[in-house]
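Reading the structure
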Amino acid sequence: MDASHIELLSGFLRQDQVLTGREDLLAYAYDGTAMLHQVPACVVLPENTRQVSNVLRLANEARVPVVARGSGTGLAGGSVPVAGGLVLCLARMNRILEVDAGNLTLTAEPGALTQQIAEAASAAGLFYPPDPGSIKISTIGGNVANNSGGLRGLKYGVTRDYVMALEVVLADGRILNTGTKCVKDVAGFTLKDLFIGSEGALGIITRITLKLIPPPAAKQTLLAMFDKMTDAARTISAIIQERIIPCTLEFLDRVTIQCVEGYAKIGLPTDAEAVLLVEVDGHPAQVEEQARQIERLAGEHGARQVRRAHSEEEATRLASARRTAFSALARLAPTVILEDVTVPRSELARMVAHIQEVGERHRVRIGTFGHMGDGNLHPTFLTDERDEAEIQRVEKAMREVFEYAVQLGGTITGEHGVGLAKKPFLPGALGPVAIDVMRRIRKSFDPNGILNPGKIFD
Ligand SMILES: Cc1cc2nc3c(=O)[nH]c(=O)nc-3n(C[C@H](O)[C@H](O)[C@H](O)COP(=O)(O)OP(=O)(O)OC[C@H]3O[C@@H](n4cnc5c(N)ncnc54)[C@H](O)[C@@H]3O)c2cc1C
């Protein structure tokens, strides 16, 4: 990208929509992933679909790489810029366009924050369940592009389960509409599903219609403490076998418990091996019955203590044990690498034990927490990128963790995506046929390879 391209951009964008100053560019050189950064040539802040289309048309003709960006909270390097390329930041396209209570839908621009979506739904007496830990700062466009999960995934599913329609600007600037507000729609290929989780590599999402549902009438929050990890894992199996599907079933290991307690002072026992956060919601009578069943099951499977919240404030305080996990761990080391593997639920205890063993063998500190009910764990590596020898040990340990997850029938990423961070591991996890098919899909949407090049796979 050179000065002539910037001149062309100023033909249809105001000066404050095109950033080229060194200080401005530095602020867009990162996302939430440790150790990955690249300063872009230029940042563009469009305010409507037409502007996005014009930018892409120009970039496509000039073969300029374009990296879409929401809030840059991604944890796989997906929105880290490409050298010499342009960052297309959708943050200013942040309006909630409509809440349609008759059809139970909400339509928004991609830069609307996830929390804004949840609040707009709630103001209309409705519920948007996906709640990534980053809910207060991530954008709905980023959530769709990464098919983000969250703490309620076990019962309510992930972002994909709520996307009904998308407006997408293709690499050549054409505008595609895919999906409708209809509950049933099988007219042609379901193209919208291709864009969900496509990490900015197939098109730029400029409008999203989401499904809303009626909110649950009641909720109970419980925290169970265990001396043995295997007891926590057995409790989870017992809860599911009892046909109870909690909306939240989260877990912290001992390293994380100690950090969270030091940070948030919730009253967690710092010598416990595991803590489970469980939330059940639904009809008040059923919720009460399920909370009692969970208390009983946890006790039967070795919980040393089960605390139940008796007020909304207490529930929020107990839930903050999990919600502050990443921030608490981030205080411990200069470089914090938050990883993301998923295994079948039946393999959780084995996976957690393996992570601990790998950490000890390679002498790296790992705190693990995650969405235990989904089999989705976040082993978090606490390190220092200035210590080359330690970083080499961390990389070996990470590789072993990913390989073991795949060996157990799991996957190298449950919700953060591939981006740059997981790219080296994708071929091993999916095999050559899947990579070849994906490459051909990508080529058909973006023949010149301008959208997020070098991410996911080459
Ligand atoms: C503290 C913390 C907690 C987190 N908790 C969770 C969690 O519980 N579950 C979870 O799944 N993730 C979680 N994340 C990861 C992250 O927040 C999500 O991936 C989120 O969806 C990213 O949104 P964003 O707006 O920051 O997107 P960005 O990071 O800016 O972008 C993410 C990807 O989407 C692409 N993209 C962004 N906008 C568009 C668009 N409009 N069109 C096309 N492509 C686009 C980018 O190119 C990039 O590849 C967490 C992150 C942090 C820092």
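Summarised in this report is the structure supplied together with it. (Residues numbered from 1 in each chain as written. Predicted model: local features only at pLDDT ≥ 70, side-chain atom pairs only at ≥ 80, totals over all residues. Heavy atoms only, no water.)

**Examining the site of the ligand**
Inspection of the region around the ligand gives 35 residues, with Ala68, Thr73, Ser134, Thr139 and Ser148 positioned closest. Between an oxygen atom of the ligand and a main-chain N or O atom of Gly78, the distance comes to 3.3 Å. Relative to its unbound accessible surface of 980 Å², the ligand loses 94% to contact with the protein. Looking at the shell around the ligand, the elements with two or more residues in it are strand S3 (66–69), helix H5 (140–146) and strand S9 (204–211). If one sorts the elements of the shell around the ligand by residue count, H5 sits on top with five residues. (Near = heavy atom within 4 Å. Polar contact = N/O pair within 3.5 Å; in protein donor to acceptor, adjacent residues only side chain to side chain. Areas by Shrake-Rupley, 256 points an atom, 1.4 Å probe, with all protein chains shown as cover. Helix = DSSP H or I, 4+ residues; strand = E, 2+ residues; numbered from the N terminus.)

**Observations regarding the nonpolar core**
Grouped together as the largest cluster of nonpolar side chains are 53 residues, with contacts concentrated most on Phe226, Phe251, Leu276, Met351, Leu377 and Phe381. For this core, the elements supplying multiple residues, two or more each, are strand S10 (218–226), helix H8 (229–241), strand S11 (248–253), strand S12 (274–282), helix H10 (284–300), helix H13 (348–361), strand S17 (376–383) and helix H14 (388–407). Sort the elements by how many residues they give to this core and H14 lands first, with seven residues. Once residues within four sequence positions are removed from consideration, Phe381 is found in contact with Thr335, Val336, Ile337, Glu339, Val364, Arg365, Ile366, Val394, Ala397, Met398 and Val401. In this structure, Val144, Leu176, Ile205 and Ile208 belong to the second largest nonpolar core, which totals 29 residues. (Core = buried A, V, L, I, M, F, W, Y, C linked by side-chain atoms within 4.5 Å. Buried < 20%, exposed > 50% of the residue type's maximum accessible area, 1.4 Å probe, protein only. Contact = heavy atoms within 4.5 Å.)

**Things to note about the pairing of strand S7 (residues 163–169)**
Most of S7 is tucked away: seven of the seven residues are buried. Sheet topology note: the S7/S9 ladder contains six bridges and is antiparallel. Across the sheet, the residue bridging to Ala165 is Thr209, located in S9. As defined by bridge partners, S7 adjoins strand S8 (residues 175–179) across five bridges and the pair is classed as antiparallel. Across the sheet, residue Val168 finds its bridge partner in S8, namely Leu176. What sits between the antiparallel neighbours S7 and S8 is a turn of five residues, in which Gly173 has the positive phi angle 95°. (Pairing = 2+ DSSP bridges.)

**Focus: the side chain of Asp446**
Structurally, Asp446 can be placed in the segment after helix H16 (432–445). Despite its burial, Asp446 remains without a salt bridge, the nearest opposite charge being carried by Arg442 at 5.5 Å. With residues near it in sequence (within four places) discarded, Asp446 still touches Ala171, Ala201 and Leu451. (Lys, Arg positive; Asp, Glu negative; His and termini not counted. Salt bridge = Lys/Arg side-chain N within 4 Å of Asp/Glu carboxyl O.)

**As for helix H4 (residues 114–123)**
All of the buried residues along H4 are Thr114, Ile117, Ala118, Ala120 and Ala121. Seen along its axis, H4 keeps its buried residues to an arc of 165°; they face one direction. Buried-residue contacts for H4 involve strand S5 (96–100), strand S6 (105–108), H5 and S9. Backbone geometry just downstream of H4 places Gly125 in the positive-phi region, at approximately 75°. (Arc of directions from axis to C-beta.)

**Quick look at unusual backbone geometry**
Here the phi dihedral of Glu199 falls at roughly 55°; this positive angle occurs in a residue that is not glycine. Along the chain, Glu199 falls in the loop between helix H7 (191–195) and S9. Residue class for Glu199 comes out buried when judged on its relative accessible area of 10%. A positive phi is found at Lys265, a non-glycine position, where the angle reads about 50°.

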